[in-house]
Amino acid sequence: MAKTIGVILSERVIAGLVVDHHLHGELCCFPANADNEYALIELHTEGLIKVICGQVLAARGPHHDISAVGVALPGLIKNGVVEEAPNLPQLKGARIAELLTAELHREGIDAPVNVVNDADGMAAGLAANQGKLDSMIRVWTLGIGIGFGRYPFAPGVWEGGHTVVTLDEKETFCGCGGRGHIEGIMGHRAMRLRFLDMEPEEVFAEAKNGNERCRKFVRMWHNALAAGTAASIHMSGPGKFFLSGFNARFLDLALLKTCLHEMVKMSPLQGYTLEIVQDNPEVRVLGAAVTAEQAITYAHNHRPEPSYR
Ligand SMILES: [Zn+2]
């Protein structure tokens, strides 16, 4: 029986024990209640590593035969190093895998640590939950920013949320500073910058009431997601796309399908499906653990990944 521990890092550190691709027991959280949303931002890397280690120990319980620990966090991760993490800025440049491996070793856990982007972790969790660890799964997470995750793991950069979907020179709302990106249209932060007088909730409500400016935007919002999805279909083929994140509530699936239908016309590429799924910590923890387990197998079977620089 493969026993692994998955950890996710967002507003809180949440860890869970995974046995044979299923969550086992309760999730362990720090802080224990969700009220203190700034608790992690205030921690230095060293403090954060100690917190993660503490939650891994709590999740492990009496199970001493842990084969791997997986950590999923919002950021650009390469070889266990956080290259970019806009929401946890103190982590930029941190050698998370190395630091956590050492800290766990001090606490008596000798297991390889694997760090992944949280959107990829989410895709792996959805694959495991649906018993589809043998097929390709992609997931868009619609939140403050736009995440794009894919399963199975493949070396490379998968910043799908920054796919260019418009050549309009005025489209400069993306958090990364790039022009014409999906996130610059769909991201919660970007929407607030665009509509300084209205919250995103009001924009979508006003669109239903016939407000022309809002209606146009809602159409563009769906077109942006369709364009990003179409780009992925044209590069990697059709398949299953999940839609998640707190702003999935704004999705009109019929409208999205209409937009996408206009963009993907080659018949061999039309076998794609779209499905909205709840974003929950259980799926993400499971995904982080499954990815860690697969990373060990991958490392056994492959030479080091090529550099994309
Ligand atoms: Zn961008």
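Residues numbered from 1 in each chain as written. Predicted model: local features only at pLDDT ≥ 70, side-chain atom pairs only at ≥ 80, totals over all residues. Heavy atoms only, no water.

Chemist: Which residues make up the nonpolar core, and what are the values?
Modeler: Counting residues in hydrophobic clusters, the biggest one holds 35 residues, and the most contacted among them are Trp140, Met186 and Trp221. Looking at this core, the elements with two or more residues in it are strand S8 (137-142), strand S9 (146-151), helix H4 (182-186), helix H6 (200-208), helix H7 (212-236), strand S10 (240-244) and helix H8 (253-263). One finds Val13, Ile49, Ala85 and Leu104 within the second-largest nonpolar core, a separate group that totals 34 residues. (Core = buried A, V, L, I, M, F, W, Y, C linked by side-chain atoms within 4.5 Å. Buried < 20%, exposed > 50% of the residue type's maximum accessible area, 1.4 Å probe, protein only. Helix = DSSP H or I, 4+ residues; strand = E, 2+ residues; numbered from the N terminus.)

Chemist: Can you break down the pairing of S8 residue by residue, with the values?
Modeler: Burial of S8 is extensive: 6 of the 6 residues sit out of reach of the surface. With burial as the criterion, each face of S8 is covered, one bearing Ile137, Val139 and Thr141 and the other bearing Arg138, Trp140 and Leu142. Pairing of S8 with S9, which is carried by 6 bridges, proceeds in the antiparallel orientation. Each bridged residue has a counterpart across the sheet, and for isoleucine 137 the counterpart in S9 is tyrosine 151. Between S8 and S9, which pair antiparallel in sequence order, lie 3 residues. Examined bridge by bridge, S8 and S10 share 5 bridges and lie parallel to one another. Bridging across to S10, threonine 141 finds its partner in serine 244. (Pairing = 2+ DSSP bridges.)

Chemist: Account for the coordination of the zinc ion, with residues named and values stated.
Modeler: Here the zinc ion is held by the protein donor atoms His162 (ND1), Cys174 (SG), Cys176 (SG) and His181 (ND1), which lie 1.9 to 2.3 Å from it. Viewed at the metal, the 4 donor atoms of the zinc ion are separated by angles of 101 to 116 degrees, and the geometry they form is tetrahedral. Classification of cysteine 176 as partly exposed rests on a relative accessible area of 47%. (Donors = N, O, S within 2.8 Å, 3.2 Å for Na, K, Ca; no water. Tetrahedral: all angles 85-135°; square planar, octahedral: opposite > 155°, others 65-115°.)

Chemist: Can you explain the packing of helix H3 (residues 118-129) against helix H9 (residues 281-301)? Please cite residues and give values.
Modeler: A packed helix pair is summarised by two numbers, namely the angle formed by the two axes and the spacing between the axes. Interaxial distance between H3 and H9 falls to 7 Å at its minimum, and their mutual angle equals 95 degrees. By the angle between their directions, the pair H3 and H9 is classed as roughly perpendicular. Across the interface between the two elements, Asp118, Gly121, Met122, Ala124, Gly125, Leu126, Ala128 and Asn129 from H3 touch Val283, Arg284, Leu286, Gly287, Ala288, Val290 and Thr291 from H9. Split by residue class, the contact of H3 with H9 holds 8 nonpolar, 5 polar and 2 charged. (Axes fitted to C-alpha atoms, helices over the stretch in contact; angles between N-to-C directions. Parallel < 35°, antiparallel > 145°, perpendicular 65-115°, else oblique. Contact = heavy atoms within 4.5 Å. Nonpolar A, V, L, I, M, F, W, Y, C, P; charged D, E, K, R; others polar.)

Chemist: Which residues make up the sheet that holds strand S3 (residues 22-30), and what values do they have?
Modeler: Read across the sheet, 5 strands follow the order S3-S2-S1-S4-S7 without closing on themselves; strand pairing throughout is mixed. Single-partner strands in this sheet number two, and they are S3 and strand S7 (113-117). For this sheet, the mean inter-axis angle between neighbouring strands, taken without regard to orientation, is 20 degrees. In this structure, strand S4 (residues 68-73) lies alongside S7, joined through 5 bridges in parallel fashion. Within S7, the position partnered with valine 71 by the bridge is valine 115. Those strands touched by H3 are S4 and S7, and its axis lies near 100 degrees from that of S7.

Keep in mind these values describe shape, not function.
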